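Residues per chain, in single letters:
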Amino acid sequence: MSSDPLSSDAQPIFPPPNAPPKHPGLFARLRNWFLAGLVIAGPLAVTIWLVWWFVNTVDQWVKPLIPPSLWPDLYLPVRVPGTGVLLAVIGLVLLGFLATNILGRTLLNLSEVMLDGMPVVRGLYRSVKQIFETIFSQSGTSFRRVGLVQYPAKGMWSIVFISSPPVKQVSQVLPASDEYISVFLPCSPNPTTGFYFYLPATEVIEISLTPDDAAKLIMSAGLILPEEQAKLAALAANASKG
């Protein structure tokens, strides 16, 4: 056999262009099917587990507060999950209804006056109340806007949630030449931790990204890309050129 690659006896290095495509083997197909099933079943299983954990946790909290005669478990042969969640929702609705009338507001003010007399409990209650009012306020804008800041170094852009302007005690010591706002920079993949700092408003670029999409982007470390991701990258590129 001739060693010349151009001779007729030489084996072709590349397959002919009209060669039929190679079909994956059995192991490759089994692996692909397993990954496809994992992608479908994984999120569904995690979601069901989280919902089941939440329902059981609320049931355990509410059950000691409700007379046993009101629980359907006593009248049915099986345990009915979610009764505590339903009763908790009804209780919160009734509490909100009472808080909107004169009698409810009077009782609420009286309880807050009693809490004001407790030094440690007073500060804790006021802080938690302010957080809940800010998060669940229908008219508030804190954490409802998303922006970009250069962090941790110039030219490196991070997503932040825009909060409120600095309080009077802080604004008095900040340079008066700039208007400052506060931002929260969450860490990835755990957005419950992060950094809170004040920045000049000119250094924060507000983007048209919803807080939900921003949270998904942060928790997935960029794997779940919202529709606005291309716009976000373009804004960062334009800002770095400016």
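Worth saying up front: this structure is predicted, and the values here are computed from it rather than measured.

A short note on the overall build of the chain
Phase 1 of the analysis: The helix and strand inventory of the chain stands at seven helices and five strands.
Phase 2 of the analysis: Element order for the chain, N to C, with α for helix and β for strand: α-α-α-α-β-β-α-β-β-β-α-α.
Phase 3 of the analysis: By residue count, 19% of the 242 residues in the chain fall in the buried class.
Phase 4 of the analysis: At a minimum sequence separation of 6, the contacts of the chain that also span at least 24 residues come to 36%.
Phase 5 of the analysis: Total accessible area on the chain stands at roughly 18500 Å², and carbon and sulfur atoms take up 69% of it.

As for the pairing of strand S2 (residues 157–162)
Phase 1 of the analysis: Among the six residues of S2, five are classified as buried, and the element is accordingly described as predominantly covered.
Phase 2 of the analysis: Alignment of strand S1 (residues 145–150) against S2, held across six bridges, turns out to be antiparallel. For Val-149, the partnering residue across the bridge sits in S2 and is Ser-158.
Phase 3 of the analysis: The hairpin formed by S1 and S2 contains six residues between the paired strands, and Gly-155 there has a positive phi angle of roughly 90°.

A look at helix H1 (residues 26–62)
Phase 1 of the analysis: Along its 37 residues, H1 runs 53 Å from first to last C-alpha, staying within 8% of the 54 Å computed at 1.5 Å per residue.
Phase 2 of the analysis: For H1, the principal kink sits at Ala-41 and spans about 30°; a proline, Pro-43, occurs within the next four residues.
Phase 3 of the analysis: Among all positions in H1, only Val-55, Asn-56, Thr-57, Val-58, Asp-59 and Val-62 are buried.
Phase 4 of the analysis: Check the buried side of H1 and you find it contacts helix H2 (83–99).

A closer look at the packing of aromatic side chains
Phase 1 of the analysis: Within the structure shown, the criterion is met by three aromatic pairs.
Phase 2 of the analysis: On the numbers, 5.8 Å between centres and 45° between planes, the contact of Tyr-151 with Phe-195 is tilted. Taken together, the residues span a long stretch of sequence, with Tyr-151 in the loop between S1 and S2 and Phe-195 in strand S4 (residues 194–200) at a distance of 44 residues.
Phase 3 of the analysis: Look at Phe-195 and you get partly exposed, because its relative accessible area is 40%.
Phase 4 of the analysis: Ring geometry for Tyr-196 against Tyr-198: centres 5.6 Å apart, planes inclined by 75°, an arrangement best described as edge-to-face.

Side note on the pattern of salt bridges
Phase 1 of the analysis: Counting across every chain of the model gives one salt bridge.
Phase 2 of the analysis: A salt bridge links Arg-145 to Glu-206, with the nearest nitrogen and oxygen atoms 3.4 Å apart. You can see Arg-145 sitting in strand S1 and its partner Glu-206 sitting in strand S5 (residues 205–207), a full 61 residues away along the chain.
Phase 3 of the analysis: When its relative accessible area of 30% is taken as the criterion, Arg-145 is described as partly exposed.
Phase 4 of the analysis: Under the relative-accessibility criterion, Glu-206 is labelled partly exposed at 45%.

Looking at the sheet that holds S1
Phase 1 of the analysis: Read across the sheet, five strands follow the order S4-S3-S2-S1-S5 without closing on themselves; strand pairing throughout is antiparallel. Only two strands of the sheet have a single partner each, and these edge strands are S4 and S5. Across the sheet, the mean angle from the axis of one strand to that of its neighbour is 40°, orientation sign disregarded.
Phase 2 of the analysis: The sheet contact formed by S2 and strand S3 (residues 180–186) spans two bridges and is antiparallel. The partner of Ile-162 across the bridge, within S3, is Val-183.
Phase 3 of the analysis: The strands touched by helix H6 (residues 211–219) are S1, S2 and S3; relative to S2, the strand with the most contacts, the crossing angle is about 140°.

Section: a nonpolar patch on the surface
Phase 1 of the analysis: On the surface, a nonpolar cluster with roughly 580 Å² of combined accessible area is contributed by Val-46, Trp-49, Leu-50, Trp-53 and Phe-54.
Phase 2 of the analysis: Within the secondary structure, Phe-54 is located in helix H1.

Points about the side chain of Ser-158
Phase 1 of the analysis: Inspection of the secondary structure puts Ser-158 in strand S2.
Phase 2 of the analysis: Taking the relative accessible area as the measure of exposure, Ser-158 reaches 15% and is therefore buried.
Phase 3 of the analysis: Here the side chain of Ser-158 touches Tyr-151 through a polar contact of 2.7 Å, landing on its backbone oxygen.
Phase 4 of the analysis: Excluding its chain neighbours within four sequence positions, the residues that come into contact with Ser-158 are Gly-147, Leu-148, Val-149, Tyr-151 and Leu-185.

Structural notes on unusual backbone geometry
Phase 1 of the analysis: Omega for the peptide link from Tyr-151 to Pro-152 comes to 10°, which places this bond in the cis form.
Phase 2 of the analysis: Structurally, Pro-152 is set in the loop between S1 and S2.
Phase 3 of the analysis: With an omega of 10°, the peptide bond running from Ser-188 to Pro-189 counts as cis.

Cut-off values and rules
- Residues numbered from 1 in each chain as written.
- Predicted model: local features only at pLDDT ≥ 70, side-chain atom pairs only at ≥ 80, totals over all residues.
- Heavy atoms only, no water.
- Helix = DSSP H or I, 4+ residues; strand = E, 2+ residues; numbered from the N terminus.
- Buried < 20%, exposed > 50% of the residue type's maximum accessible area, 1.4 Å probe, protein only.
- Contact = heavy atoms within 4.5 Å.
- Areas by Shrake-Rupley, 256 points an atom, 1.4 Å probe, with all protein chains shown as cover.
- Pairing = 2+ DSSP bridges.
- Expected span 1.5 Å × (residues − 1).
- Bend = angle between axes of the 7 residues up to and from the residue.
- Phe/Tyr/Trp six-rings, centres within 6.5 Å; stacked < 30°, edge-to-face > 60°.
- Salt bridge = Lys/Arg side-chain N within 4 Å of Asp/Glu carboxyl O.
- Axes fitted to C-alpha atoms, helices over the stretch in contact; angles between N-to-C directions.
- Patch = residues over 30% accessible without salt bridge, like charges linked within 9 Å, V, L, I, M, F, W, Y side chains within 5 Å.
- Polar contact = N/O pair within 3.5 Å; in protein donor to acceptor, adjacent residues only side chain to side chain.

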